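Here's the letter readout for the chains.
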Amino acid sequence: QWVAALCDRYKAVLVNDMAPSLIRLAQQQTIHRMATVSEPISDSAFWAIVNKIGWGTKTTDYKMVKRSLMRVFTPAQCEGILDKESELRHQLTVKFDKYLEANGVELSLGDDSFSDLMNHIVGLGKSIYNACMKNPDLIVDLARRDDFAESFSYCFPHADDFDSLNVSKFINWAVGEIEGLK
């Protein structure tokens, strides 16, 4: 209640004095986020990061991994890591789809589970990924045993995830609240 009373008391001050500054700052933050460009990453650097994460051996807690990566890498670097993961997942998916079609193999996986499986294999590291690329029966085995976790790709933050690390997220919220007071 005291917060509501305080807000009512200073509503005019907020709207008249602070709104233009907050709006300008929020617009600058939005422009900065839109300007984030993916920084390419080499295969060896990507696999070193995957090895360090230890997906499936040390953890499958993608939220914890994401927070850790956000402390170490820039938004552009994280976009590059995510791009590399997506590229490798896509290559695996294309290869596996061809295998399924050519061999008449059917799996009872929905689209989301199928994507989780492909991402999980990338997360297990280079040697397992390469083994699955050479022998898709390994993927069938993982799928039939339901031996995969959701979803390795969630580990990698997007540029806008970094908003939670700075004040811009809260400024955007405040701007919306101030605009609502007008």
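Up top you'll find the structure we're talking about.
Along each chain, the written sequence defines residue order, and numbers are assigned to residues from 1. Where totals are concerned, whole chains, interfaces and linings use all residues; where local detail is concerned, this predicted model gives features only for residues with pLDDT of at least 70, and gives and counts side-chain atom pairs only at 80 or more. Side-chain measures here rest on the full set of heavy atoms in the structure, leaving out hydrogens and waters.

**Considerations on the side chain of Thr-59**
Strands here mean DSSP runs of E at least two residues long; helices mean DSSP runs of H or I at least four residues long; both are numbered from the N terminus. Position of Thr-59 relative to the elements: it lies in the loop between α2 (43-53) and α3 (62-72). In this structure the side chain of Thr-59 is engaged in a polar contact, spanning 2.9 Å, whose partner is the backbone nitrogen of Asp-61. Each polar contact in these results corresponds to two N or O atoms within 3.5 Å; when the atoms are within protein, one needs to be able to donate a hydrogen and the other to accept it, and residues that are neighboring in sequence are counted only if both atoms are side-chain atoms.

**Things to note about the layout of surface pockets**
The rolling of a water-molecule-sized probe over the atoms marks out the regions of remaining empty space. Using protein atoms alone on a 1 Å grid, points that fit a 1.4 Å probe yet trap it form a cavity, whereas open point sets bounded by protein on both sides within 12 Å along at least five of seven lines form a pocket; residues with an atom within 4 Å of a point count as lining. Grid points are joined across faces, edges and corners, and a volume is the space filled by probe spheres set on the points. Considered as a void within the structure, the largest pocket measures approximately 210 Å³ in volume. As for the largest pocket, its lining consists of Ile-49, Lys-52, Ile-53, Lys-58, Thr-59, Met-64, Val-65, Ser-68, Leu-69, Val-72 and Phe-73. Elements with a minimum of two residues in the lining of the largest pocket: α2 and α3. Among the elements that make up the lining of the largest pocket, the one with the highest residue count is α3 (5 residues). In terms of residue class, the lining of the largest pocket is made up of 7 nonpolar, 2 polar and 2 charged. When residue character is reported, Ala, Val, Leu, Ile, Met, Phe, Trp, Tyr, Cys and Pro are called nonpolar, Asp, Glu, Lys and Arg charged, and the others, Gly included, polar.

**Examining helix α7 (residues 137-144)**
Type-normalised accessible area, obtained with a 1.4 Å probe on protein chains alone, sets the label of each residue: buried when under 20%, exposed when over 50%, and partly exposed for intermediate values. Residues of α7 that are buried: Ile-139, Val-140, Leu-142 and Ala-143. The buried residues of α7 occupy an angular sector of 160° when the element is viewed end-on, so they sit on one face. Once α7 finishes, Asp-146 follows within two positions and takes phi at roughly 55°, a positive value. What the arc covers is the set of directions going from the helix axis to the C-beta atoms.

**A few points about the nonpolar core**
Phe-46, Ile-121 and Phe-156 are the most contacted members of the largest nonpolar core, which has 34 residues in total. Breaking this core down by element, the ones donating at least two residues are α2, α3, α4 (75-103), α5 (111-123), α6 (126-134) and α7. The dominant element in this core, judged by the number of residues it contributes, is α4, at 7 residues. Ignoring anything within four residues of it in the chain, the contact list for Phe-156 reads Phe-46, Ile-53, Lys-66, Leu-69, Ile-81, Leu-82 and Glu-85. Nonpolar cores were defined as sets of buried Ala, Val, Leu, Ile, Met, Phe, Trp, Tyr and Cys residues, with membership established by side-chain atoms within 4.5 Å. For this analysis, residues touch if any pair of their heavy atoms sits within 4.5 Å.

**A look at α2**
Residues of α2 that are buried include every one of Phe-46, Trp-47, Ile-49, Val-50 and Ile-53, and no others. Around the axis of α2, the buried residues are gathered within 155° of arc, so they sit on the same side. Seen from the open side of α2, the exposed residues pointing more than 90 degrees away from its buried face are Ser-44, Asn-51 and Lys-52. Packing partners of the buried residues in α2 comprise α3, α4, α5 and α6. One or two positions beyond α2, positive phi appears at Gly-54, with a value near 70°.

**Side note on the pattern of salt bridges**
In the sections that follow, a salt bridge refers to a side-chain nitrogen of Lys or Arg positioned within 4 Å of a carboxyl oxygen of Asp or Glu. The final tally for this structure, using the stated rule, is 6 salt bridges. A salt bridge links Asp-43 to Lys-84; its shortest N-O distance comes to 2.7 Å. In this pair, Asp-43 sits in helix α2 while Lys-84 sits in helix α4, placing the two residues 41 residues apart along the sequence. Lys-84 sits in the buried class, given a relative accessible area of 11%. In this structure, Asp-147 engages Arg-145 in a salt bridge whose closest nitrogen and oxygen atoms are separated by 3.0 Å. Residues joined by salt bridges that share partners form a network here, namely Asp-43, Lys-84 and Glu-87.

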